[in-house]
Amino acid sequence: MSRNALPCSGLKRLLLILLVATALAQYGCSMFNKVTFGEEEEAPKSKPPEELIVQGMDAYNTGDYGEAIKLFKIILDEHPFSPQAMLAELKSADAHYYNKQYAEAKVLYKSFEERHPTNEAIPYVLFQIGMCDYSRSDRIDRDIAGPQEAIKSFTRLINAYPQSPYAKEAKTRIKDAKEFLVNHEYMVAVFYVRTARYDEAKHRLKYLLARYPDSDLAPKAKELLASLEAGNKPTWGMNRWLPEFMTQAPSDRQEAKDAKKAAIEAGEAAANAPEEYTP
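Below you will find a few notes about this structure. Bear in mind that the values here come from a model prediction, so they are computed numbers and not experimental data.

Conventions adopted
- In this convention, every chain numbers its residues from 1, walking through the sequence in written order.
- Residues qualify for local features only when their pLDDT is at least 70, as the model is predicted, and side-chain atom pairs are given and counted only at 80 or more; totals for whole chains, interfaces and linings, by contrast, use all residues.
- Hydrogens and water molecules were not included; the side-chain quantities draw on all heavy atoms of the structure.
- Runs of H or I in DSSP of at least four residues are treated as helices and runs of E of at least two as strands, each being numbered from the N terminus.
- Whether two residues are in contact is decided by their heavy atoms, any of which lying within 4.5 Å being enough.
- Here the Shrake-Rupley method, with its probe set to 1.4 Å, supplies the accessible areas, and only the displayed protein chains count as covering residues.
- Working definition: rings of Phe, Tyr and Trp (its six-membered ring) pair if their centres are within 6.5 Å, and the pair is stacked with planes under 30 degrees apart, edge-to-face with planes over 60 apart, and tilted otherwise.
- In this analysis the probe radius is 1.4 Å and the grid spacing 1 Å, with only protein atoms considered; a cavity is a set of points the probe fits into but cannot get out of, a pocket is an open set with protein on both sides within 12 Å along at least five of seven lines, and lining residues have an atom within 4 Å of a point.
- Grid points are joined across faces, edges and corners, and a volume is the space filled by probe spheres set on the points.
- Residues are grouped as follows: nonpolar covers Ala, Val, Leu, Ile, Met, Phe, Trp, Tyr, Cys and Pro; charged covers Asp, Glu, Lys and Arg; every other residue, Gly included, is treated as polar.
- Helix span, as expected, comes to 1.5 Å for every residue beyond the first.
- Here a polar contact is recorded for every N or O atom pair within 3.5 Å, except that within protein the pair must consist of a potential hydrogen donor and a potential acceptor, and residues adjacent in sequence are included only if both atoms are side-chain atoms.
- Note on classification: 1.4 Å probe, protein chains only; a residue is buried when its accessible area is under 20% of the maximum for its type, exposed when over 50%, partly exposed between these limits.
- Axis angles are defined between N-to-C directions and span 0 to 180 degrees, where every axis is a line fitted to C-alpha atoms and, for a helix, only to the segment in contact.
- Any angle that falls under 35 degrees is termed roughly parallel, while one over 145 is termed roughly antiparallel, one within 65 to 115 roughly perpendicular, and all others oblique.
- Each crossing gets its hand from how the near helix is turned against the far one by less than a right angle, where anticlockwise is left-handed and clockwise is right-handed.
- For this analysis, a salt bridge means a side-chain nitrogen from Lys or Arg found within 4 Å of a carboxyl oxygen belonging to Asp or Glu.
- Only buried residues count toward a nonpolar core. Its members are Ala, Val, Leu, Ile, Met, Phe, Trp, Tyr and Cys residues joined through side-chain atoms within 4.5 Å.

Some words on the overall build of the protein
From N to C terminus, the protein includes 13 helices and zero strands. Ordering the α and β elements of the protein from the N terminus gives α-α-α-α-α-α-α-α-α-α-α-α-α. Of all intrachain contacts in the protein linking residues separated by at least 6 positions in sequence, the fraction that spans at least 24 positions is 48%. In the structure as shown, the protein presents an accessible area of about 18,800 Å², 55% of it carried by carbon and sulfur atoms.

What follows is the structure in structure tokens.
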């Protein structure tokens, strides 16, 4: 027998060892593919869209907009062609809006309009696009792009759907947005007067009166402009030149006093009303 030859029993033992090693290697590879060592978990099986939309609407109706947004997104990602997808698109935009994520909501509303231009919800969508900009108008000394864009969107709604129930509300919002812009222009003019930049103040006041001649501030703007053009530089007397809402706390304004008086009168009337007979 050659020195390199193996006995039969040794050959069998070697083959057995190789077979076991191969099996262990294959088993180990399969186990390695399954085990992720905490880096990645197997994705849970997706819920049907019928169940997801119910859960999403429950979260939305209870004010849990973050959860609603997450559930609507799952529908759109995993079930984009389901009957529930269109509702998920619209309610996702609504959830972002009521979560005060106005920029994100506007993008989603505009996407819905582009994808479903003939849908019966389009008048509502156009109104909400305007509201996304309108809701960003919080202080008159800040950026005025919000009310400007809101006016454009509301005007588009009125022109396209004049009989829509949203058109009447859009007209009211346009009026409010214009008053916001008027207040901004007037406040800038006042700032220029207070800093002795009278020519710039007159320019602002003239623009205000030309652009918004019927605004509530127009009489006060005319008076201030006439004073400046006559060379009578105001000595600030803030309450004379500024509108009430700029100089008084909300509780001190006349509108608040009128509301308080009406509430008191309503309470007295209810107290003096005869009690209803209940058997």
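As for the packing of aromatic side chains
For the structure shown, the criterion picks out ten aromatic pairs. The structure contains a cluster of three or more aromatic residues connected by ring pairs, namely Y60, Y65, Y97, Y98 and Y102.

Some points on the layout of surface pockets
If you add up the space inside the largest pocket, you get close to 200 Å³. Lining the largest pocket we find I144, Q148, I151, K152, K178, L181, E185, Y207, R211 and Y212. Among the secondary structure elements, those contributing two or more residues to the lining of the largest pocket are α7 (145-160), α8 (165-194) and α9 (198-211). Counted by class, the lining of the largest pocket contains five nonpolar, one polar and four charged residues.

Some thoughts on α8
Compared with an ideal rise of 1.5 Å per residue, which puts 30 residues at 44 Å, α8 spans 45 Å between its outermost C-alpha atoms and is within 8% of the ideal. For α8, the N-terminal cap is S164; the gap from its side-chain oxygen to the backbone nitrogen of Y166 is 3.1 Å.

Examining the side chain of H116
Turning to its location among the elements, H116 is positioned in the loop between α5 (102-115) and α6 (122-134). Residue H116 is classed as buried on the basis of its relative accessible area of 15%. Side chain to side chain, H116 and E89 meet in a polar contact 2.9 Å long. Excluding residues that lie within four positions of it along the chain, H116 makes contacts with M86, E89 and I122.

Topic: the packing of α8 against α9
Orientation of α8 relative to α9, taken along the N-to-C sense of each, is 160 degrees, at an axis distance of 7 Å. Judged by the angle between their axes, α8 and α9 are roughly antiparallel. The chirality of how α8 crosses α9 is left-handed. Residue-level contacts link V182, E185, Y186, V188, A189, Y192 and V193 of α8 to Y198, E200, A201, R204, L205, Y207 and L208 of α9. The residue inventory of the contact of α8 with α9, partitioned by class, reads eleven nonpolar, no polar and three charged.

Quick word on the environment of P83
The topology assignment puts P83 in the loop between α3 (65-78) and α4 (85-98). Distance from P83 to P49, taken between C-alpha atoms, is 8.4 Å for residues 34 residues apart in sequence.

Remarks on the pattern of salt bridges
Taken as a whole and judged by the stated rule, the model has 13 salt bridges. Between E67 and K70 there is a salt bridge; the shortest N-O distance is 3.2 Å. You can see E67 and its partner K70 sitting in helix α3, three residues apart, about one turn around the helix. Residue E67 is classed as partly exposed on the basis of its relative accessible area, which comes to 28%. Looking at K70, the relative accessible area reads 46%, which means it is partly exposed. Where D133 meets K106, a salt bridge forms, and the shortest distance between an N and an O atom there is 2.9 Å. Separated by 27 residues along the polypeptide, D133 in helix α6 and K106 in helix α5 bring together distant segments of the chain.

Observations concerning the nonpolar core
Burial of nonpolar side chains together is a common tendency in soluble globular proteins. Ranked by size, the top nonpolar core spans 47 residues in total, and within it L90, Y97, Y109, V125, F154, Y186 and L205 carry the most contacts. If you list the elements that add at least two residues to this core, you get α4, α5, α6, α7, α8, α9 and α10 (218-229). Ranked by the residues each element gives to this core, the list is headed by α8, at 13 residues. Counting residues in each nonpolar core, the second largest holds 13 residues, with Y60, Y65, I69 and A95 among its members.

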